[in-house]
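If you want the building blocks of each chain, they are given just below.
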Amino acid sequence: MTPEIPNMWLALPEIFVCAMGCLILCVDLFVSKQARMVIYWLSQVTLLGAAALTLNLLMTPAGMTFSGMFVHDSLSNAIKLATYLIVFFVFVYSRDYIRERGMFRGEYFVLSLFGVVGMMIMASASHFLTLYLGLELLALSLYAMVAFQRDSAQATEAAMKYFVLGAISSGILLYGMSILYGLTGMLDIAGVRQAVAGMAADDVVLIFGLVFVVVGIAFKLGAVPFHMWVPDVYHGAPTSVTLYIGTAPKIAGFALVMRLLVGGLEDLAVSWQDMLTILAVLSMAIGNVVAIAQSNIKRMLAYSSISHMGFFFLGVVNATPNGYSSALFYVLVYAVMSLGAFGMIILLSRSGFEAERVDDFKGLNQRSPWYAFLMLLLMFSMAGAPPTIGFYAKLLVIQSVIEVGMIWLAILAVLFAVIGAYYYIRVVKVMYFDDAEDTTPITASLDMRVLIGVNGLVLLLAMPWVGIIIDVCGRAVAGIY
Amino acid sequence: MFAEHLLSICIWLPIVGGIVVLATGGDQNAAAARYLGLIFTIATFIVTLPLYADFNLHTSAMQFVEDRPWVDAFSIRYHLGIDGISVLLILLTSFCTVLVVIAGWSVIQKKVAQYLAAFLVMEGLMIGVFSALDAILFYVFWESMLIPMFVIIGLWGGPNRVYATIKFFLYTFLGSVLMLVAFIYLYYQADRSFDIATFHQVQLGMNAQILIFFALFAAFAVKIPMWPVHTWLPDAHTEAPTGGSVILAAILLKMGAYGFLRFSLPIVPDASHQLAGFMIALSLVAIVYIGLVTLMQTDMKKLIAYSSIAHMGFVTLGFFIFNPQGIEGGLVQMISHGFISSALFLCVGVLYDRLHSREIEDYGGVANRMPVFASFMMLFALANTGLPGTSGFVGEFLVILGAYQVNVWYAVLAATILVLGAAYTLWMYKRVIFGAVTKDSVAALEDATPREVLFLGLLAIPVLVMGLWPFPFLEVMHVSVDHLLEQVATSKL
């Protein structure tokens with residue numbers, strides 16, 4: 001057997017980002033403290049370059065490389081492009097924040113970029129090993145980023161919790177994969193799929209393995225009852241890191257679900273549908289109810305992210321292409337909203353002051369009607385109120401649930417959405433109806449001001465083109481290799 | 001170009017106007033914001049006039065239709081059109097918004113641009129609700145309105161405004177999400193279409209019909225509001241600024257009633273017949289029980305708010321007796337109540353701006369100091385009691401006439417509102433306006449300013465015209481109401 005030379009071309013974006021990460025690490029050693037801005041620009045150029053390379057690959061027909069370990073298809077492209085865009089925004093929002101807090105170092109950007117590589121590999125994984133590799137690359141980068149503020153006890157504690165629970169969840173996922181391997185003798189996802197098709201769908205050992213896989217996914221996405229790490233990590237991590245964790249990895253999480261559950265184990269859909277239904281209902285319930293009690297906005301958004309993951313699972317439970325595309329749309333919209341919401345927290349924070357409490361938003365309409373309006377859009381979008389795009393996201397997942405006749409689930413979902421609306425409008429309430437306690441002018445760099453404006457307004461102005469976005473999601477999912 | 005897109009212009013002109021007004025910035029440019037707001041509301045009123053003038057009276061088909069794809073993957077369309085049921089409501093909307101701008105002219109002093117922008121955006125969205133022919137488009141307009149209304153009550157309202165606005169938001173949000181579930185269910189029953197006309201054709205079993213009826217009921221009954229889901233209204237009305245109360249009473253409440261006509265009756269006719277007794281019972285409770293509650297109010301705004309609930313009970317009663325008099329009477333009552341309740345809220349606003357109190361006992365003998373104002377208020381108070389010759393009479397008379405044909409007791413109970421209505425309205429009027437001046441604050445009152453005379457006069461005209469010559473209002477709705485009754489009479493089982 002002669003070793004096959006893999007087609008590197010398809011993995012060029014990953015190779016590029018990886019190489020640039022290493023380059024930035026070296027450059028960082030030689031630039032002076034004043035010239036560190038170079039690192040930032042290099043990181044942004046890396047993302048743009050990767051985007052260009054991925055766009056260039058769009059026309060290349062879908063295919064596998066590295067002996068079937070790596071797949072290039074419409075889904076991987078869509079997820080990668082969304083990831084670049086989100087991380088680009090994350091870097092812009094974070095730049096001043098991390099500089100003011102002494103975190104502006106090469107490692108920060110290198111870890112972020114390696115995280116991006118991890119997500120890209122997850123999106124393109126067609127093999128248990130590559131999937132796990134991507135997942136761990138992302139996770140390890142995130143652990144280090146959470147602990148980046150060495151002197152902060154809170155951040156260290158959060159990193160510790162994140163690491164321990166993350167390691168356990170990786171272990172669980174890996175155990176599930178190993179059971180599947182034991183049963184099928186296959187590690188590549190297409191092979192597993194074939195082998196599973198030949199087995200009884202209620203094979204106990206198979207279901208046993210599936211449970212571990214589902215639990216692993218639920219852990220990584222932070223769905224109830226595996227959500228314990230989410231509030232602590234969101235709260236304890238520096239806001240710029242929370243911004244990172246709360247956005248792009250959710251999209252990569254969608255890839256994880258698609259590759260493992262849909263790509264590999266779709267024949268077991270009957271079983272995982274039930275499991276995901278339970279996860280979805282619990283996440284929507286606990287996430288929305290507990291968020292009401294939070295006075296810290298980062299914690300509140302953490303619980304809100306748990307409830308959003310519940311809604312996201314609604315799109316997956318019906319196991320139809322329509323449902324998957326609605327889940328992709330949901331997770332993309334969620335990433336944009338979460339980006340904006342944490343961006344606003346960063347915007348209101350300044351050196352020596354973290355705008356972490358809901359009360360820190362008091363009287364924002366007096367301080368700046370424009371930012372208050374953006375936050376209003378973000379909050380109503382998260383609540384799922386039209387005409388914001390958050391409504392269409394909820395509409396689509398609920399539609400996909402009703403399509404398969406689970407009307408009770410749809411009714412539960414909308415009721416939880418109403419409960420959720422309460423804590424979002426509470427933020428609007430403090431911004432518009434309370435008097436400002438803190439009248440420090442809000443300052444931000446020009447690029448941040450522009451991007452956060454775009455970020456907020458897109459939720460409203462995307463309305464006429466929402467059909468096109470949905471079409472793109474549908475095509476991304478339909479083209480899965 | 002103009003005629004084809006007339007409805008779109010009616011919807012988007014005020015919304016664009018809202019953005020322009022908002023762009024004037026802070027309160028240093030308040031005057032500019034006010035004039036721009038006035039110009040845009042008047043312009044919108046003018047562009048809505050052709051909807052009535054060019055309206056074809058002899059067809060029940062939708063007119064001024066616009067239809068183009070919007071979200072293809074889910075066959076959601078940007079589909080607009082009006083018939084005899086919606087045309088008057090659109091005119092009412094554009095008319096009332098002009099009044100709101102005039103009424104808030106010198107009263108609103110903080111965040112003027114935001115205030116006017118919120119009302120302009122609301123106006124566009126409300127016209128959108130009345131002209132949408134696609135269920136999702138309807139839902140988008142319907143729900144979007146919550147955002148500006150939430151801000152209006154919360155920012156410019158009374159002392160307890162935050163509680164009131166959150167209650168208002170959650171109540172109405174809860175009601176409408178169930179409607180959304182019903183729409184999506186109907187979408188799959190209607191072979192993947194959100195078109196309302198297609199919904200009208202769908203065959204549905206009885207159980208499905210009943211469930212859909214209640215899902216829609218949750219949305220519409222909360223908006224109207226029907227007893228027992230009315231408790232948000234007194235709070236919201238009392239705490240809202242005068243303009244907010246006017247829009248709430250004149251238009252927002254009508255959207256719920258409109259929803260029954262556009263959705264519930266034609267989509268689930270069998271369930272509507274089956275549950276008519278239930279709806280009539282709720283309507284009669286609203287008329288009699290809320291009428292009694294109204295008698296006990298000491299706050300003028302709360303009194304008018306409760307009286308609105310009682311009057312809207314008439315509207316739903318008219319709808320669910322399924323005869324032309326009932327439905328036309330209900331529709332006329334909707335329009336007339338729009339004028340009368342706006343007028344009464346504006347009257348209370350006039351008093352409130354002077355003494356900053358809504359309590360009846362803080363007044364007394366106002367007629368001595370404000371004779372012009374007192375005569376206007378007299379007219380509106382009498383119209384509220386349903387005096388012949390005013391618009392209030394026409395709708396109530398038609399509904400009672402319709403109810404009499406179905407069951408004498410419905411008519412008897414419904415007629416008690418005329419007694420109770422007279423009791424609470426005139427009693428309030430007596431305590432506020434008549435009597436000797438005993439308070440120094442009242443003694444210092446000055447009569448209505450020209451601006452106030454202007455908006456009260458503008459409202460007095462339709463109240464009288466509609467009362468004396470209701471024909472132009474009734475003729476536009478005849479054909480559409482007959483068509484609706486045909487739809488309701490056709491079983492879908």
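The notes below deal with the structure included here. (Residues numbered from 1 in each chain as written. Chains lettered and ligands numbered in written order. Predicted model: local features only at pLDDT ≥ 70, side-chain atom pairs only at ≥ 80, totals over all residues. Heavy atoms only, no water.)

## With respect to the pairing of strand β1 (residues 63-71) of chain B
Residues and elements named next belong to chain B. Of the pairings in the sheet, the one linking β1 to strand β2 (residues 76-82) comprises six bridges and is antiparallel in character. Pairing of Q63 across the sheet is with I82, part of β2. Hairpin connection, β1 to β2: the antiparallel pair is bridged by four residues, and S75 has positive phi, about 40°. (Pairing = 2+ DSSP bridges. Helix = DSSP H or I, 4+ residues; strand = E, 2+ residues; numbered from the N terminus.)

## Considering the state of the cysteines
Residues and elements named next belong to chain B. One pass over the structure, following the stated rule, counts zero disulfides over all chains. The thiol of C347 is unpaired, and the distance to the nearest cysteine sulfur, on C96, comes to 14 Å. Using a relative accessible area of 0% as the deciding quantity, one classes C347 as buried. (Disulfide = S-S within 2.5 Å. Buried < 20%, exposed > 50% of the residue type's maximum accessible area, 1.4 Å probe, protein only.)

## A look at the interface of chain B and chain A
On the side of chain A, 38 residues touch chain B, which itself brings 36 residues to the contact. Note on chain B versus chain A: buried area summed over both sides is about 3,300 Å², and carbon and sulfur give 82% of it. At the junction of chain B with chain A, the criterion picks out one salt bridge. The residue A:E403 makes a salt bridge to B:R192 at a minimum N-O spacing of 2.8 Å. Across the chain B-chain A interface, the total number found is four residue pairs in polar contact (both at pLDDT 80 or more). Looking at the side of chain B that touches chain A, the elements that each hand over two or more residues are β1, α5 (135-144), α6 (146-156) and α7 (161-189) of chain B. At 16 residues, the largest contribution of residues to the side of chain B that touches chain A is made by α7(B). Residues of the side of chain B that touches chain A, tallied by class, amount to 28 nonpolar, four polar and four charged. (Contact = heavy atoms within 4.5 Å. Buried area = accessible area lost by both parts, 1.4 Å probe. Salt bridge = Lys/Arg side-chain N within 4 Å of Asp/Glu carboxyl O. Polar contact = N/O pair within 3.5 Å; in protein donor to acceptor, adjacent residues only side chain to side chain. Nonpolar A, V, L, I, M, F, W, Y, C, P; charged D, E, K, R; others polar.)

## Quick word on the packing of helix α14 (residues 300-319) of chain B against helix α18 (residues 391-406) of chain B
Residue and element names in this part refer to chain B. For the pair α14 and α18, the least separation of the axes is 10 Å and the interaxial angle reads 40°. Classified by the angle their axes make, α14 and α18 are oblique. Classified by chirality, the crossing of α18 by α14 is left-handed. Contacts from H311, F314, L317 and G318 of α14 reach α18 at E396, V399 and I400. The residue makeup of the contact of α14 with α18, split by class, is four nonpolar, two polar and one charged. (Axes fitted to C-alpha atoms, helices over the stretch in contact; angles between N-to-C directions. Parallel < 35°, antiparallel > 145°, perpendicular 65-115°, else oblique. Left-handed = near helix turned anticlockwise from the far one by under 90°.)

## Section: the packing of aromatic side chains
Tallied over the full model, the rule gives 57 aromatic pairs over all chains. With a centroid separation of 5.3 Å and an interplanar angle of 25°, the aromatic rings of A:F391 and B:Y139 are classed as stacked. Within this pair, whereas A:F391 is found in helix α17 (residues 389-403), its partner B:Y139 is found in helix α5, the two belonging to separate chains. This pair shows no difference in class: A:F391 is buried, exactly as B:Y139 is. On the numbers, 5.3 Å between centres and 20° between planes, the contact of B:F393 with B:F397 is stacked. Highlighted residues: B:F393 and B:F397, both in helix α18, separated by four residues, approximately one helical turn. Note on B:F393: relative accessible area 28%, which makes it partly exposed. A cation over a ring is seen here: B:R431 above B:W427, with NZ or CZ 3.8 Å from the ring centre. (Phe/Tyr/Trp six-rings, centres within 6.5 Å; stacked < 30°, edge-to-face > 60°. Lys NZ or Arg CZ within 6 Å of the ring centre and 35° of its normal.)

## Points about helix α1 (residues 6-22) of chain B
Residues and elements named next belong to chain B. For α1, with 17 residues, the first-to-last C-alpha span of 24 Å sits near the 24 Å given by 1.5 Å per residue. Roughly 25° is the biggest bend found in α1, and it falls at W12, with proline P14 one to four residues downstream. Among all positions in α1, only L6, L7, S8, C10, I11, P14, I15, G17, G18 and V21 are buried. Buried positions along α1 lie against α2 (30-53), β1, β2, α3 (87-103), α4 (112-131) and α5. (Expected span 1.5 Å × (residues − 1). Bend = angle between axes of the 7 residues up to and from the residue.)

Nothing here speaks to function; it is geometry throughout.
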